[in-house]
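Fold and geometry: a report
In case you want the letters, here they are:
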Amino acid sequence: MKSVLVTGGLGFIGSHTVVELLARGYRVVIVDNLANTRAEVLDGIASISGQRPTWANIDLADPVACRALLAGLPELAGIIHFAAHKAVGESVQKPLAYYRNNFGSLVNLLDYTAERPQCRFIFSSSCTVYGQADSLPIREDAPVKPAESPYGNTKQVGEEILRDGARAHGFRAIALRYFNPIGAHPTARIGELPLGVPQNLVPFITQSAAGLRGALKVFGNDYPTRDGTCIRDYIHVVDVALAHIYALERLLAGKGSDPVEVFNLGTGTGSTVLEVIAAFERATGRKLQYEFAPRRAGDVVAAYADTGKAAAGLGWRAELPLERSMADAWRWQQALAGK
Ligand code: WQD
């Protein structure tokens with residue numbers, strides 16, 4: 001039974017990936033310091049999987065604690081590294097905390113793979129690295145643009161740290177550039193748990209529809225798009241989780257020539273904000289209250305993925321449509337209300 005360390009394994013994408021790893025017979029160890037989630041996510045994982053993975057509550061940016069944790073896990077087949085601060089706006093207010101946490105944890109973990117290159121490494125990156133791409137759909141060889149936020153910088157430089165570490169120490173890694181993960185597990189036992197006012201579109205929609213928030217503010221309807229609102233590539237979180245299984249299996253099979261490979265995780269389809277709202281209304285039969293508001297600083301007009309490299313390299317494609325994501329997100333919101 002191969003053992004995999006999942007950092008941030010109680011988070012949104014992490015928890016869904018843990019469920020898929022357990023379903024495929026991997027032994028999973030979760031490390032999560034609850035910086036952006038809650039301990040009861042482990043109950044949700046256990047209720048779906050019928051297994052309760054080991055959970056270590058440590059700060060991976062602490063080199064002593066991280067080394068002590070890893071010393072007890074000498075045979076890891078892989079590390080899937082989700083744990084990071086990820087709020088774009090917050091990163092502008094607290095850049096040093098973002099660099100300390102996101103780089104410190106990454107480097108501490110890579111010390112392990114430097115000593116044990118048989119342990120493969122998967123890194124959560126983001127389409128944020130592309131900024132406003134020059135052409136759409138966005139290919140992995142599109143130029144990386146100057147980061148628009150310290151958060152985006154931690155993803156760009158994180159990929160560079162991977163490449164330099166792999167070149168010097170001989171380990172293998174894959175960076176997965178997420179577009180916009182949304183939705184929740186179809187069992188409604190795990191999902192997105194935004195703490196505080198949601199910054200992202202879909203959790204704000206579900207909380208507004210649940211009466212927890214006022215009307216949705218649509219940030220800008222004067223963009224050069226088919227309906228004036230921004231375009232993004234919204235991908236079901238279960239599809240994103242499955243892509244991590246495929247990436248791990250590619251690494252374990254020793255496929256690929258580059259020590260560090262990069263793949264987009266998107267559906268290849270762009271949707272405007274108004275189209276997301278319409279999909280929510282169709283999926284749930286509920287009318288969403290919204291109003292137009294000024295543009296949000298830092299938003300790009302449009303971003304959606306070229307999916308060809310992931311299809312060819314990972315043998316993976318997103319399969320769940322936008323309406324299914326909205327239905328699952330709403331079911332999860334209703335389950336939260338019942339907690
Ligand atoms: C999507 C669209 C908003 C909220 C960010 C990060 C990215 C990743 C996902 C971490 C935009 C509009 C939003 C609202 C709105 N994060 N919107 N009203 O900005 O594409 O991506 O989150 O990995 O790295 O950059 O996602 O959901 O915030 O916004 O109109 O209340 O919805 O303007 O056009 P984004 P988002």
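Per chain, residue numbering runs from 1 following the sequence as it is written. Per-residue local features are limited, in this predicted model, to residues with pLDDT of at least 70; the limit for side-chain atom pairs, both in listing and counting, is 80 or more; totals at the level of whole chains, interfaces and linings are taken over all residues. Heavy atoms throughout the structure, all of them, feed into the side-chain values; hydrogens and water do not.

**A word on the overall build of the protein chain**
- The number of helices and strands found in the protein chain is eleven helices and 13 strands.
- For a compact globule the rule gives 2.2 Å times the number of residues to the power 0.38, and the radius of gyration it is set against comes from C-alpha atoms. Over its C-alpha atoms the protein chain spans a radius of gyration of 19 Å, differing by no more than 12% from the 20 Å that the globule rule assigns to 339 residues.
- Based on the C-alpha atoms only, the size of the protein chain along its principal axes is roughly 55 × 45 × 40 Å.
- When burial is assessed residue by residue, the protein chain has 54% of its 339 residues classed as buried.
- We call two residues in contact whenever any of their non-hydrogen atoms come within 4.5 Å of each other. In the protein chain, of all internal contacts separated by at least 6 residues, the share reaching a separation of at least 24 is 80%.
- Here the accessible surface of atoms and residues is derived via Shrake-Rupley with a 1.4 Å probe, and residues count as covered only by protein chains that are part of the display. Element-wise, carbon and sulfur atoms account for 51% of the exposed surface of the protein chain, whose accessible area totals about 14,100 Å².
- Residues scored as positive are Lys and Arg, those scored as negative are Asp and Glu, and His as well as the terminal groups of each chain are ignored. Every charge is mapped to an atom, namely NZ of Lys, CZ of Arg, CG of Asp or CD of Glu. Of the charged side chains in the protein chain, 35 are positive and 33 negative, and the gap between their average positions amounts to 3 Å. Each helix is a run of DSSP H or I of at least 4 residues and each strand a run of E of at least 2, with the numbering of both proceeding from the N terminus. Relative accessibility decides the category of a residue: with a 1.4 Å probe and only protein chains considered, values under 20% of the type maximum give buried, values over 50% give exposed, and everything between is partly exposed.

**Some remarks on the site of the ligand**
- Definition of nearness: a residue and a molecule or strand are near each other if at least one heavy atom of the residue lies within 4 Å of the molecule or strand. Not every one of the 19 residues close to the ligand is listed here, only the nearest: Thr128, Tyr151, Leu201, Arg232 and Asp299.
- As used in this structure description, the phrase polar contact means that two N or O atoms lie within 3.5 Å; if the pair is within protein, one of them must be able to donate a hydrogen and the other to accept it, and residues adjacent in sequence are counted only when both atoms belong to side chains. Side-chain polar atom of Thr128 to an oxygen atom of the ligand: 2.7 Å apart, as the coordinates give it.
- Between the ligand and Phe219, the relevant distance is 2.9 Å, taken from an oxygen atom to a main-chain nitrogen or oxygen of the residue.
- For the ligand, whose free accessible area comes to 680 Å², the fraction covered by protein is 89%.
- Looking at side-chain class alone, the shell around the ligand contains nine nonpolar, five polar and five charged residues. Think of it as three bins: nonpolar holds Ala, Val, Leu, Ile, Met, Phe, Trp, Tyr, Cys and Pro, charged holds Asp, Glu, Lys and Arg, and polar takes everything else, Gly as well.

**So, the pattern of salt bridges**
- We define a salt bridge as a side-chain nitrogen of Lys or Arg found within 4 Å of a carboxyl oxygen belonging to Asp or Glu. This structure, assessed with the given rule, holds 21 salt bridges.
- Between Arg250 and Glu261 there is a salt bridge whose closest N-O contact spans 2.7 Å. Placement of Arg250 in helix H8 (residues 237-252) and of Glu261 in strand E11 (residues 260-265) is noted, with a sequence separation of eleven residues between them.
- Residue Glu261 is classed as buried on the basis of its relative accessible area, which comes to 8%.

**Brief notes about the packing of aromatic side chains**
- Note on aromatic pairs: the rings of Phe, Tyr and Trp (six-membered ring only in Trp) are paired at centre separations within 6.5 Å, and the planes decide the class, stacked below 30 degrees, edge-to-face beyond 60, tilted for the rest. Counting across every chain of the model gives four aromatic pairs.
- Aromatic pair Tyr290 and Phe292: ring centres 5.9 Å apart, planes at 75°, arrangement edge-to-face.
- By the criterion adopted, a ring carries a charge over it if an Arg CZ or a Lys NZ lies within 6 Å of its centre and within 35 degrees of its normal. The ring of Phe123 is capped by Lys155, whose NZ or CZ atom sits 5.2 Å from the centre of that ring.
- When the ring centre of Phe263 is taken as reference, the NZ or CZ atom of Lys309 above it lies at 5.1 Å.

**Looking at the nonpolar core**
- Remark: nonpolar core denotes a set of buried residues (Ala, Val, Leu, Ile, Met, Phe, Trp, Tyr, Cys) joined through side-chain atoms within 4.5 Å. Membership of the largest hydrophobic core comes to 41 residues, with the highest contact counts inside it found for Leu21, Ile45, Leu176, Leu265, Leu314 and Trp316.
- Mapped onto this core, the elements with two or more residues apiece are strand E1 (3-7), helix H1 (12-23), strand E2 (27-31), helix H2 (41-49), strand E6 (173-178), H8, E11 and helix H10 (308-314).
- Among the elements that take part in this core, H8 stands out by supplying nine residues, more than any other.
- Setting aside residues up to four positions removed in sequence, Ile45 forms contacts with Gly9, Leu10, Ser15, Val18, Val19, Leu22, Ile30, Gly50, Gln51, Pro53 and Ile190.
- Counting residues in each nonpolar core, the second largest holds 26 residues, with Ala56, Ile58, Phe171 and Ala175 among its members.

**A look at the packing of helix H9 (residues 273-284) against helix H11 (residues 322-337)**
- Helix axes use the C-alpha atoms of the stretch in contact, all axes being lines fitted to C-alpha atoms, and the angles between their N-to-C directions lie in the range 0 to 180 degrees. Where H9 meets H11, the closest approach of the two axes is 8 Å, and the angle between their N-to-C directions is 65°. Note that H9 runs across H11; the crossing there is right-handed. Two secondary-structure elements touch here, H9 through Glu275, Val276, Ala279, Phe280, Arg282, Ala283 and Thr284 and H11 through Leu322, Glu323, Met326, Ala327 and Trp330.
- Here the residues of the contact of H9 with H11 sort into eight nonpolar, one polar and three charged. Two helices crossing with the near one rotated counterclockwise from the far one by less than a right angle form a left-handed crossing, whereas a clockwise rotation gives a right-handed crossing.

**A short note on the layout of surface pockets**
- Only protein atoms enter the 1 Å grid used here. Points where a 1.4 Å probe fits but cannot escape make up a cavity, open sets with protein on both sides within 12 Å along at least five of seven lines make up a pocket, and a residue lines them when an atom lies within 4 Å of a point. Grid points are joined across faces, edges and corners, and a volume is the space filled by probe spheres set on the points. When its volume is computed, the second largest pocket comes out at roughly 240 Å³.
- Lining the second largest pocket we find 17 residues, and of these Glu192, Pro194, Gln207, Gln333 and Leu336 sit closest to its centre.
- Counting residues per element, the ones that place at least two in the lining of the second largest pocket are helix H7 (201-209) and H11.
- Class assignment of the residues belonging to the lining of the second largest pocket gives a composition of nine nonpolar, five polar and three charged.

**Thoughts on the packing of H7 against H11**
- Running from amino to carboxyl end, H7 crosses H11 at an angle of 50°, the nearest separation of the two axes being 10 Å. Regarding the angle of H7 to H11, the classification is oblique. Handedness of the crossing formed by H7 with H11: right-handed. Where H7 abuts H11, its residues Val202, Ile205, Thr206, Gln207 and Ala209 lie against Met326, Ala329, Trp330 and Gln333.
- Taken together, the residues that form the contact of H7 with H11 break down as six nonpolar, three polar and no charged. Roughly parallel refers to an angle under 35 degrees, roughly antiparallel to one over 145, roughly perpendicular to one between 65 and 115, and oblique to any angle outside these ranges.

**Structural notes on the sheet that holds E11**
- What the seven strands build is an open sheet, ordered E3-E2-E1-E4-E5-E6-E11; its pairing is parallel. Single-partner strands in this sheet number two, and they are strand E3 (54-56) and E11. In this sheet, neighbouring strand axes are inclined to one another by 20° on average, regardless of whether the strands run parallel or antiparallel.
- Note on pairing: two strands pair once DSSP finds at least 2 bridges between them. Bridge count for E1 against E2 is five bridges, and the pairing is parallel. Across the sheet, the residue bridging to Leu5 is Val29, located in E2.
- On the sheet, helix H5 (residues 95-115) packs against E1, strand E4 (76-81) and strand E5 (120-126) and is oriented at approximately 165° with respect to E4.

**Quick word on empty space enclosed by the protein**
- For the structure shown, the criterion picks out one cavity of 30 Å³ or more.
- By volume, the largest cavity is sized at about 80 Å³.
- Taken together, His81, Phe82, Ala83, Ala84, Asn102, Phe103, Leu106, Phe123, Ser124, Thr154, Lys155 and Gly158 form the lining of the largest cavity.
- Of all the secondary structure elements, the ones that give two or more residues to the lining of the largest cavity are H5, E5 and helix H6 (150-169).

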